[in-house]
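Descriptive structure summary
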Amino acid sequence: MAEAASPATSPKPEAEKKASAGSGTFGRVAKYTIVRIITMSITVVIGLYLTIMIANMGGYVDNIRKAQIREEQNSRAANDPAMRRLPLAERQRLVEERIQLAEKRLGLDRPFPVRSLEFLRNAIVLDLGRAQNMTSSSGSTQVRLIILERLPPTLILFATADIFLFVMAIVIALALSRQYGSWFDKFMVALTPLSSAPGWFYGIFFILLFASVLHWLPFGGMVDSPPPPTRIGYFLSLLEHMALPVLSITFSQLFLNVFSWRTFFLIYSSEDYVDMARAKGLPDRDVNNKYILRPTLPTIITSFALLVIAMWLGAPILETIFNWPGLGRALYQAVTAFDTPVIIGSTVIFSYMLAITVFLLDIVYALVDPRVKIGDEGSR
Amino acid sequence: MLRNFKEIMRYPTAVAGVIIILLLIGVSIYTVIAIPYEKAVVLWRGNEADWYQNPKTAAPVWMNFFTKEDLPETLVLDTTDERVTSEVRETNNGRVITYTFPVEFDFDAFYDDISIYFKSTYEEKAPFVGLTWIDAVGEETRLGNFSIGRTYTYRMGQDRKLTAKLRGNTAEIGLFTDLKDVSKPIKGDYKLVMEIVSFDKSTETTAELVMYGKLAGWAGTDHRRRDLSIALLWGTPIALTFGLLAAFGTSVAQLIIAGVSTWFGGWIDQLIQRITEINLVIPFLPVLIMIGTFYSRSILVILSAVIVLSIFGSGIKTYRAVFMQVKESTYIEAAKTYGASNSRIIFNYMIPRLIPMLIPQLVVQIPAYVFLEASLAVLGLGDPTLPTWGKIIDESRSNQALFQGWYYWVLEPSALLMITALAFTVVGYALDRVFNPRLRGQ
């Protein structure tokens, strides 16, 4: 973030070297990408391992699972007529034996460090085990299937919200930077403190207003029930249900971003080369796009990346508030049902999503930051 | 310091923010003294004995200012009340006491429910109670006859025979209308006549008539008849303490780590940088949810987890960038030359330089942690014993408050959260402008 603060040097070399960059650009971006993939993978593996360690700290979760096995075997023995006929001591011995066997089958008899590595391997290959209570809509208890089924709604919602927010914030910030000091500018800046509340919080207000009082929009969910038969109907229903969550996310994040991006634009538009461009008589549009927006993009993307990550982490609560059938709500349902494998599984997936987000934004950063594109000589 | 304070006072929003924060602190101190912790926890557990006089999901009393209709408040009359008149008639083996409960009804909406709570001491035979309702024009309705135990509750709304007698209307509606038009109650002075027949001289019977209103207290009540003011009041110190401790813990830890990282540089710096990257991949809220589900939902455990998970947060990068400049300053060079130790340089020379940056950051972060606590509560992972704002929101949601139109239940805790967040944010921004004047004007 801090390195991008010396913009004055970057646009000019970029313009000069554009022609010569040609073939080298692809190679550099590819090299950068590969290096990033490798470092990112190591980061993710360590992050996953830490998550697993937290999830299973001191074998606490294993104790829960052991207790479940014991309970299960006991009740099975109590319901088995053949077992009931055996003498008590014999029966207990058999039950103990079965418990041992079940624990061995699940690998609970091995020391924790060994098991944690096993968990790590399973998490990496997304072998997330079987849920205890929850099922996917096809009836499977595989955590992987449950989670994969919940992933698309989450992606749709957050991708829409992210794009909407990004475009809105850029457009408004640019507009404000051009009319610095106007009443609209002052008004937007005065609204900045509203960003201290998270999206779900505004969600409650919006549900109250638009669903409960005005009856314009639905309370929650993803589509009407039953879902509309036609594709267009389905899409419209989806839009209708998505309006409030997207609005909540945007409302909670917009003002702060507009404020900080407006500030970036103001800093960059007071540079000498912008005055120069204006003096040359370039149209406003070109000045905006090439001389103000372009050098600001890396900074903006960094700040947006952190925002997207923060939004991901708000998913469990936002989706719960809006009954959105996504990953976050799956986590909430798993918490309510105390479904250990699903809780750990969703946390692992969130970890992956964060890594992918960080990685994708890194690539975008590489594409827009001339210092990566044209190699090292431009950067220091 | 005084100069800084004066400068903050130049921002009117910041003044408002400071006043709100002081008010919140005042409320917190008052709450902790007036309702001791143990008492609040016991009250919030919601025992019937503590709250039976409250109606369920009743709006706060100030709702009457906003509605055209005058909504009834709860009326509680017991046999020792001076408004209740009594008449005693001795019989050969006991006595008959006739109580008259005056019910002055001057509202535009019906009561919510009517109950009578009896307590009686008797030796062999339980007393017998007969109830008669006299409406505004003097017409009498027999409500029912029953014998009572040592404690007995008569819930009029659940008396099927009475409902049938009132042509299918429950008591709180049927008794206040002429049964022809049941959409609006008729105003006037009603009376409940209660005849208690006891069968030995020593029997003492008390009865308490509770006409549950539609309004209760300044905060209203929830589905378990609990007064929301308890949780609204107690939520204040909890939210402030949690927000302040979490913000302080994380910012100071991040500042120190950034300082160490920059000063030593080399592999230590590299390592800390990598750890921050790994930390970015660990899903913060899901991990907190996991901790809340598996280990403990105690607010102290969550607070520690929040701090531990945030010490390698993104704040380190911001601080590090500034420390990089500080490290090159001449006074640090000087300190190095005269042989100051590493820890002396970090803690006495470098970190103090960033305190003007730290304080606004810390204040601005407080709302985030206040909301974090509320978020966990909304996910059902709030501290199991403490009444907090987030918990009210959670309970209102799980009881469909927004569907049912019980908006006060959601809006009260939300408004407090919002006010708290805005106050700290506004003050934080003003502090930032005062302490870091370079940024001013942009």
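Residues numbered from 1 in each chain as written. Chains lettered and ligands numbered in written order. Predicted model: local features only at pLDDT ≥ 70, side-chain atom pairs only at ≥ 80, totals over all residues. Heavy atoms only, no water.

Moving on, we get to the overall build of chain B. Summing up its helical and strand segments, chain B has 16 helices and nine strands in all. Against the globule reference of 22 Å for 442 residues, chain B gives a C-alpha radius of gyration of 31 Å, more extended than a compact globule. With respect to the principal axes defined by its C-alpha atoms, chain B has extents near 110 × 45 × 35 Å. Across the 442 residues in chain B, those meeting the buried criterion constitute 53%. Taking the contacts inside chain B whose residues are at least 6 apart along the sequence as the reference set, 76% of them involve residues at least 24 apart. Approximately 20,600 Å² of chain B is accessible, and the part contributed by carbon and sulfur atoms is 59%. Here chain B contributes 41 positively and 43 negatively charged side chains, and the mean placements of these two sets differ by 10 Å. (Helix = DSSP H or I, 4+ residues; strand = E, 2+ residues; numbered from the N terminus. Rg over C-alpha atoms; globule rule 2.2 N^0.38 Å. Buried < 20%, exposed > 50% of the residue type's maximum accessible area, 1.4 Å probe, protein only. Contact = heavy atoms within 4.5 Å. Areas by Shrake-Rupley, 256 points an atom, 1.4 Å probe, with all protein chains shown as cover. Lys, Arg positive; Asp, Glu negative; His and termini not counted. Charge placed at Lys NZ, Arg CZ, Asp CG, Glu CD.)

Of regular secondary structure, chain A possesses 15 helices and zero strands. Every one of the 380 residues in chain A was classed for burial, and the buried ones make up 48%. The contacts in chain A between residues at least 6 apart in sequence include a share of 72% that link residues at least 24 apart.

All names here are of chain B. Taken in spatial order, the four strands of this open sheet run S1-S9-S4-S7, and their pairing is antiparallel. Two strands close off the open sheet at either side, each with one partner strand: strand S1 (75-78) and strand S7 (151-155). When strand polarity is set aside, the average angle formed by the axes of neighbouring strands in this sheet is 15 degrees. Judged from the five bridges that link them, strand S4 (residues 113-121) and S7 form a sheet pairing that is antiparallel. If you follow Ile 116 over to S7, its bridge partner there is Tyr 154. (Pairing = 2+ DSSP bridges. Axes fitted to C-alpha atoms, helices over the stretch in contact; angles between N-to-C directions.)

One frequent convention defines the size of an interface as the accessible area lost when the parts assemble. Facing the 43 residues of chain B at the interface are 58 residues of chain A. With both chains or domains summed, chain B and chain A bury close to 4,300 Å², and 80% of this area falls on carbon and sulfur atoms. For the pair chain B and chain A, the number of links is zero salt bridges. Secondary-structure elements contributing two or more residues to the side of chain B that touches chain A are helix H8 (266-281), helix H9 (284-294), helix H13 (342-378), helix H14 (389-398), helix H15 (401-404) and helix H16 (407-435) of chain B. Here the side of chain B that touches chain A gets 11 residues from one element, more than from any other, and that element is H16 of chain B. Broken down by class, the residue content of the side of chain B that touches chain A amounts to 34 nonpolar, seven polar and two charged. (Buried area = accessible area lost by both parts, 1.4 Å probe. Salt bridge = Lys/Arg side-chain N within 4 Å of Asp/Glu carboxyl O. Nonpolar A, V, L, I, M, F, W, Y, C, P; charged D, E, K, R; others polar.)

Moving on, we get to the pairing of S4 of chain B. Residue and element names in this part refer to chain B. With respect to burial, S4 is a largely interior element, seven of its nine residues being buried. One ladder, built from nine bridges, connects S4 with strand S9 (residues 204-212); its direction is antiparallel. Its bridge partner lying in S9, Ile 116 is registered against Leu 209.

With that settled, consider the nonpolar core. Among the nonpolar cores identified, the biggest contains 164 residues, and Trp 200 of chain A together with Val 306 of chain B are the most heavily contacted of them. Dropping the residues within four chain positions of it, Val 306 of chain B is found in contact with Phe 242, Ala 246, Thr 250, Phe 284, Leu 288, Tyr 369 and Leu 372 of chain B. (Core = buried A, V, L, I, M, F, W, Y, C linked by side-chain atoms within 4.5 Å.)

Turning our attention to the packing of aromatic side chains. Each aromatic ring pair is described using two quantities: the centre-to-centre distance and the angle formed by the ring planes. Applying the stated criterion across every chain yields a total of 34 aromatic pairs over all chains. Measuring from ring centre to ring centre gives 5.9 Å for Trp 183 of chain A and Phe 184 of chain A, while their planes differ by 70 degrees; the resulting arrangement is edge-to-face. Feature note: the residues Trp 200, Phe 201, Tyr 202, Phe 205, Phe 206, Phe 210, Trp 216, Phe 251 and Phe 255 of chain A together with Phe 371 of chain B constitute an aromatic cluster, connected by ring pairs. Across the ring face of Tyr 11 of chain B, the terminal group of Arg 10 of chain B is positioned such that the distance to the ring centre comes to 5.9 Å. A cation over a ring is seen here: Lys 125 of chain B above Phe 199 of chain B, with NZ or CZ 4.1 Å from the ring centre. (Phe/Tyr/Trp six-rings, centres within 6.5 Å; stacked < 30°, edge-to-face > 60°. Lys NZ or Arg CZ within 6 Å of the ring centre and 35° of its normal.)

Attention now goes to the confidence of the model for chain B. In this model, chain B carries an average pLDDT of 86, and 98% of its residues clear a pLDDT of 70 or more. Scoring of the predicted complex yields 0.83 for pTM and 0.82 for ipTM. (pLDDT = per-residue confidence, 0-100.)

Before going further, it helps to spend a moment on the pattern of salt bridges. Residue and element names in this part refer to chain A. All chains considered together, the criterion is met by 16 salt bridges over all chains. With a shortest N-O distance of 3.3 Å, Asp 284 and Arg 278 are connected by a salt bridge. Accessibility expressed as a relative area gives 37% for Arg 278, which makes it partly exposed. Beyond isolated ion pairs, a larger network of salt bridges with shared partners links Glu 90, Arg 93 and Glu 97.

A separate point is helix H11 (residues 284-313) of chain A. Taken as a whole, H11 of chain A carries its principal kink of about 50 degrees at Leu 297 of chain A; the proline Pro 298 of chain A stands between one and four residues after it. In terms of residue burial, H11 of chain A counts as a mostly covered element, since 21 of its 30 residues are buried. (Bend = angle between axes of the 7 residues up to and from the residue.)

A few words on the side chain of Asn 54 of chain B. All names here are of chain B. Mapped onto the elements of the fold, Asn 54 is located in the loop between helix H4 (48-51) and S1. The exposure class assigned to Asn 54 is buried, which follows from its relative accessible area of 18%. For Asn 54, the residues in contact, after removing those within four places along its chain, are Tyr 212, Thr 221, Arg 225, Arg 226 and Asp 227.

Attention now goes to the side chain of Thr 420 of chain B. With respect to the helices, strands and loops of the structure, Thr 420 of chain B is situated in helix H16. Once residues within four sequence positions are removed from consideration, Thr 420 of chain B is found in contact with Leu 24, Leu 240 and Trp 389 of chain B.

Now for helix H7 (residues 228-264) of chain B. Counting along an α-helix, one turn takes 3.6 residues, and residues three or four places apart therefore face a common direction. Residue and element names in this part refer to chain B. With 37 residues, H7 ought to run about 54 Å at 1.5 Å a step, and its terminal C-alpha atoms sit 53 Å apart, in line with that. Maximum bend of H7: about 30 degrees, positioned at Gly 235, with proline Pro 237 one to four residues after it. With 29 of its 37 residues buried, H7 lies for the most part within the structure. Once H7 finishes, Gly 265 follows within two positions and takes phi at roughly 60 degrees, a positive value. (Expected span 1.5 Å × (residues − 1).)

Turning our eyes to something else, we now look at the sheet that holds strand S8 (residues 188-198) of chain B. All names here are of chain B. Pairing is antiparallel across the open sheet formed by five strands, whose spatial order is S2-S3-S8-S5-S6. Because the sheet does not close on itself, it has two edges, and the strands there are strand S2 (85-90) and strand S6 (140-147). The sheet shows a mean angle of 15 degrees between the axes of neighbouring strands, taken without regard to direction. Here strand S5 (residues 128-134) runs beside S6; their pairing, made up of seven bridges, is antiparallel. What sits directly across from Trp 133, in S6, is Thr 141.

All names here are of chain B. Two elements in contact, helix H10 (residues 299-310) and H13, have axes separated by 12 Å at closest approach and are oriented at 125 degrees. Comparing the axis directions of H10 and H13 gives the class oblique. Where H10 crosses over H13, the two elements pack in a sense that is right-handed. Mapping the contact onto sequence places Ile 299, Ile 302, Val 306 and Ser 310 in H10 and Tyr 369, Leu 372, Glu 373 and Leu 376 in H13. By residue class, the composition of the contact of H10 with H13 is six nonpolar, one polar and one charged. (Parallel < 35°, antiparallel > 145°, perpendicular 65-115°, else oblique. Left-handed = near helix turned anticlockwise from the far one by under 90°.)

Quick look at a nonpolar patch on the surface now. On the surface, Ile 34, Ile 38, Ile 42, Ile 46 and Leu 50 of chain A cluster together to form a nonpolar patch covering roughly 440 Å² of accessible area. Judged by relative accessible area, Ile 46 of chain A falls into the partly exposed class, the value being 37%. (Patch = residues over 30% accessible without salt bridge, like charges linked within 9 Å, V, L, I, M, F, W, Y side chains within 5 Å.)

You will see that Asn 323 of chain A, though not glycine, has its phi angle at about 50 degrees, which is positive. Looking at where Asn 323 of chain A falls in the secondary structure, it is placed in the loop between helix H12 (315-321) and helix H13 (327-337). According to the relative accessible area criterion, Asn 323 of chain A is partly exposed, its value standing at 41%. Here the phi dihedral of Arg 167 of chain B falls at roughly 55 degrees; this positive angle occurs in a residue that is not glycine.

Okay, the packing of H9 of chain B against H10 of chain B next. In a packed pair of helices, the relevant descriptors are the angle between the two axes and the axis-to-axis distance. Residue and element names in this part refer to chain B. Two numbers describe how H9 lies on H10: the axes approach to 10 Å, and their chain directions differ by 150 degrees. It follows from the interaxial angle that H9 and H10 lie roughly antiparallel. In this structure, H9 crosses over H10, and the sense of that crossing is right-handed. Contact with H9, carried on its side by Phe 284, Val 287, Leu 288, Ile 291 and Gly 292, involves Val 301, Ile 302, Ala 305, Val 306, Leu 309 and Ser 310 of H10 and no other residues of that element.

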